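# Coordinates in review
Residues per chain are reported as follows:
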Amino acid sequence: MAEMMDNGPAGKIMERNTGEGHHHGVSFGEALKVWLRVAALSFGGPAGQIAVMHRIVVDEKRWIGEHRFLHALNYCMLLPGPEAQQLAVYIGWLMHRTLGGLVAGLLFVLPGFLSILCLSYIYAAYGSVGIVAGLFFGLKAAVLAVVVQAVIRIGSRALRNKVMLAIAAAAFVAIFFFHVPFPLIVLAAAIAGFLGGRLGLAAFQTGGGHKAGSGAVLSDAESALGEGIPDHARPNLGWSLRISALLLALWLVPVAALYAAFGAHDVLTEIGLFFSKMAVVTFGGAYAALAYVAQEAVQRFGWLKPGEMLDGLGMAETTPGPLIMVLQFVGFMGAYRNPGSLDPMLAATLAAILTTWVTFVPCFLWIFLGAPFIEKLRGNVALAGAMSAITAAVVGVILNLAIWFGLHTLFAEVATVHLGGLRLDIPVLQSVVPAAMALSAAAAIAIFRFKTSVITTLLACAISGMLWTLAVS
């Protein structure tokens with residue numbers, strides 16, 4: 001653990017890292033404070049969270065250089081799950097081995113978990129009370145504008161040619177008109193992109209990523225870590241197999257135990273199995289996953305009512321941590337309404353913990369297993385093509401999510417029409433909710449015209465929703 005010793009501030013480290021015996025000079029205690037700070041500021045979705053991380057660990061602390069930061073980010077974007085949390089795990093591991101990755105990843109999740117758990121208690125106990133219902137009514141209307149913004153933001157980056165546009169359109173048609181499961185859409189896009197990249201087709205070489213920041217670029221050689229590879233970061237098949245076996249056991253043994261003890265149809269077993277599957281297929285971030293989760297949680301399992309997914313997303317948008325934390329709310333409400341022999345709040349709390357566990361333990365697995373071999377992924381055109389196609393498909397899926405949210409936010413009633421193999425959700429025009437339409441329009445104007453931050457817009461709409469509820473009650 002000698003590399004954890006404090007040799008002074010990172011900015012004073014002058015020696016060059018050759019990969020052998022390099023001491024970056026950042027103590028574990030100092031890193032702990034930094035990861036606490038990152039966790040406290042992790043609002044605004046992945047783009048905002050990555051920007052905060054870049055500002056702190058690259059610009060301020062100068063732990064790693066720009067090139068290494070972006071290389072790690074590109075790898076995390078190839079993985080299922082929240083790329084910002086995985087990036088924190090990666091950098092924490094790079095700086096302070098396995099313990100550093102565990103601490104960075106856990107702290108990134110903990111504030112959001114505790115915040116959403118508290119809000120879920122309030123929602124379950126008092127959600128029907130006027131002022132609380134008004135708060136979530138306002139959040140729901142604002143989140144619709146946020147989801148539309150996500151479609152435009154991701155689409156402008158991903159749909160850079162006609163092939164990517166066609167993939168996005170095909171994904172939208174598949175999920176909106178034919179209700180094809182999200183995992184199959186991701187798989188089909190990945191195969192198409194992989195083959196296109198392997199064949200060297202230019203349309204599949206668009207790539208993707210987040211802008212890390214602007215200004216002077218810190219080179220890897222000038223950073224505390226240097227430009228070489230630390231000893232512990234070199235590929236080691238034995239270590240990879242051991243850590244993978246441990247994390248797989250931590251992930252799957254609890255789910256298997258629930259299945260053995262309570263059967264396949266117990267709500268905790270269903271939650272464990274369903275969100276374990278989501279942990280494997282959540283490419284493209286929370287918005288892409290939500291379309292599939294909403295469809296399954298409402299129509300198949302009956303855990304939520306249609307509009308309640310927006311309430312959960314509003315919680316995740318206004319609390320620190322990854323947006324995928326909304327899944328915790330889904331698990332909470334599913335067990336609260338189907339507690340079996342348990343007290344509803346106890347069942348809901350256990351489900352919230354279980355959902356978070358099976359969602360994020362795999363994230364550590366992907367990083368600890370793959371990060372030592374990351375250099376082998378650099379410049380791999382086939383993987384780059386697969387990522388481009390997945391990102392394009394995600395645009396179509398998020399567009400479906402925006403329409404689904406809009407229907408259930410702006411209208412009190414939505415009818416389902418079957419036309420052969422098609423199934424369409426049609427709004428009942430007479431059931432339009434004028435207040436929701438007004439708040440959604442105001443949120444869209446604030447975000448797109450005046451560039452108001454998402455947090456400010458959500459809080460303003462939440463307050464407006466409460467005031468409107470008080471006025472009409």
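Just above, that's the structure.
What comes next concerns the included structure. Computed from a predicted structure; not experimentally measured. (Residues numbered from 1 in each chain as written. Predicted model: local features only at pLDDT ≥ 70, side-chain atom pairs only at ≥ 80, totals over all residues. Heavy atoms only, no water.)

### Description of the overall build of the protein chain
From N to C terminus, the protein chain includes 16 helices and two strands. For the protein chain, restricting intrachain contacts to residue pairs at least 6 apart in sequence, the fraction spanning at least 24 positions comes to 74%. Surface exposure of the protein chain reaches about 19700 Å², of which carbon and sulfur atoms provide 68%. (Helix = DSSP H or I, 4+ residues; strand = E, 2+ residues; numbered from the N terminus. Contact = heavy atoms within 4.5 Å. Areas by Shrake-Rupley, 256 points an atom, 1.4 Å probe, with all protein chains shown as cover.)

### Points about the pattern of salt bridges
Scanning the model with the defined rule gives six salt bridges in all. We note a salt bridge from Arg234 to Asp231, for which the minimum N-O separation is 3.9 Å. What makes Arg234 partly exposed here is its relative accessible area of 34%. Since its relative accessible area comes to 42%, Asp231 is described here as partly exposed. Between Glu308 and Arg337 there is a salt bridge, and its shortest N-O distance comes to 2.6 Å. Taken together, the residues Glu308 in helix H11 (residues 308–318) and Arg337 in helix H12 (residues 326–337) connect sequence positions 29 residues apart. (Salt bridge = Lys/Arg side-chain N within 4 Å of Asp/Glu carboxyl O. Buried < 20%, exposed > 50% of the residue type's maximum accessible area, 1.4 Å probe, protein only.)

### Looking at the packing of helix H8 (residues 237–262) against helix H13 (residues 344–370)
With their axes 9 Å apart at the nearest point, H8 and H13 run at an angle of 165 degrees to one another. Taken together, H8 and H13 sit at an angle that is classed as roughly antiparallel. Here H8 and H13 pass one another in a crossing that is left-handed. Here H8 contributes Trp239, Ser240, Ile243, Ser244, Leu247, Leu248, Leu250, Trp251, Pro254, Val255 and Leu258 to the contact with H13, which in turn contributes Leu354, Trp357, Val358, Val361, Pro362, Phe364, Leu365, Trp366, Phe368 and Leu369. Looking at the contact of H8 with H13 residue by residue, the classes come out as 19 nonpolar, two polar and no charged. (Axes fitted to C-alpha atoms, helices over the stretch in contact; angles between N-to-C directions. Parallel < 35°, antiparallel > 145°, perpendicular 65-115°, else oblique. Left-handed = near helix turned anticlockwise from the far one by under 90°. Nonpolar A, V, L, I, M, F, W, Y, C, P; charged D, E, K, R; others polar.)

### Notes on the nonpolar core
Formed by 150 residues in total, the largest nonpolar core has its most connected members in Trp35, Trp63, Ile91, Phe275, Trp303 and Met309. Looking at which element gives the most residues to this core, the answer is helix H4 (residues 83–126), with 19 residues. Filtering out sequence-adjacent residues up to four positions away, Met309 remains in contact with Leu290, Val293, Ala294, Leu304, Val326, Val330, Trp404 and Phe405. (Core = buried A, V, L, I, M, F, W, Y, C linked by side-chain atoms within 4.5 Å.)

### Examining helix H16 (residues 454–472)
The terminal C-alpha atoms of H16 lie 27 Å apart, and with 19 residues this matches the ideal 27 Å at 1.5 Å per residue to within 8%. Of the surrounding elements, those touching the buried residues of H16 are helix H5 (130–158), H11 and helix H15 (434–449). (Expected span 1.5 Å × (residues − 1).)

### Section: the environment of Met95
For Met95, the position within the fold is in helix H4. The exposure class of Met95 is buried, given its relative accessible area of 1%. With sequence-adjacent residues up to four places away left out, Met95 is seen in contact with His24, Val26, Trp63, Ile64 and Leu225.

### Re H13
With 27 residues, H13 should cover 39 Å at 1.5 Å per step; its first-to-last C-alpha distance of 40 Å lies within 8% of that length. A side-chain oxygen of the first residue of H13 lies 3.1 Å from the backbone nitrogen of Met345; this N-cap is Asp343. (Polar contact = N/O pair within 3.5 Å; in protein donor to acceptor, adjacent residues only side chain to side chain.)

### Focus: the pairing of strand E1 (residues 414–419)
Note that E1 and strand E2 (residues 422–427) share six bridges and pair antiparallel. Residue His418 lies in a different strand from E2, and its bridge partner there is Arg423. Turn length for the E1-E2 hairpin, with the two strands adjacent in sequence and antiparallel, is two residues, and the turn residue Gly420 shows positive phi of about 65 degrees. (Pairing = 2+ DSSP bridges.)

### Some thoughts on the packing of aromatic side chains
Evaluated as defined, the whole model comprises 19 aromatic pairs. A ring pair is formed by Trp251 and Trp366, whose centres lie 6.0 Å apart and whose planes are at 85 degrees; its orientation type is edge-to-face. You can see Trp251 sitting in helix H8 and its partner Trp366 sitting in helix H13, a full 115 residues away along the chain. A single burial state applies to Trp251 and to Trp366, both of which are buried. Geometrically, the ring pair formed by Phe301 and Trp303 is stacked, given 4.2 Å between the ring centres and 10 degrees between the ring planes. Taken individually, Phe301 and Trp303 each receive the classification buried, so the pair is uniform in this respect. A connected cluster of aromatic rings, assembled from ring pairs, spans Phe274, Phe275, Phe301 and Trp303. Looking at Arg449, its charged tip hangs above the ring of Phe450, at a distance of 5.2 Å from the centre. (Phe/Tyr/Trp six-rings, centres within 6.5 Å; stacked < 30°, edge-to-face > 60°. Lys NZ or Arg CZ within 6 Å of the ring centre and 35° of its normal.)

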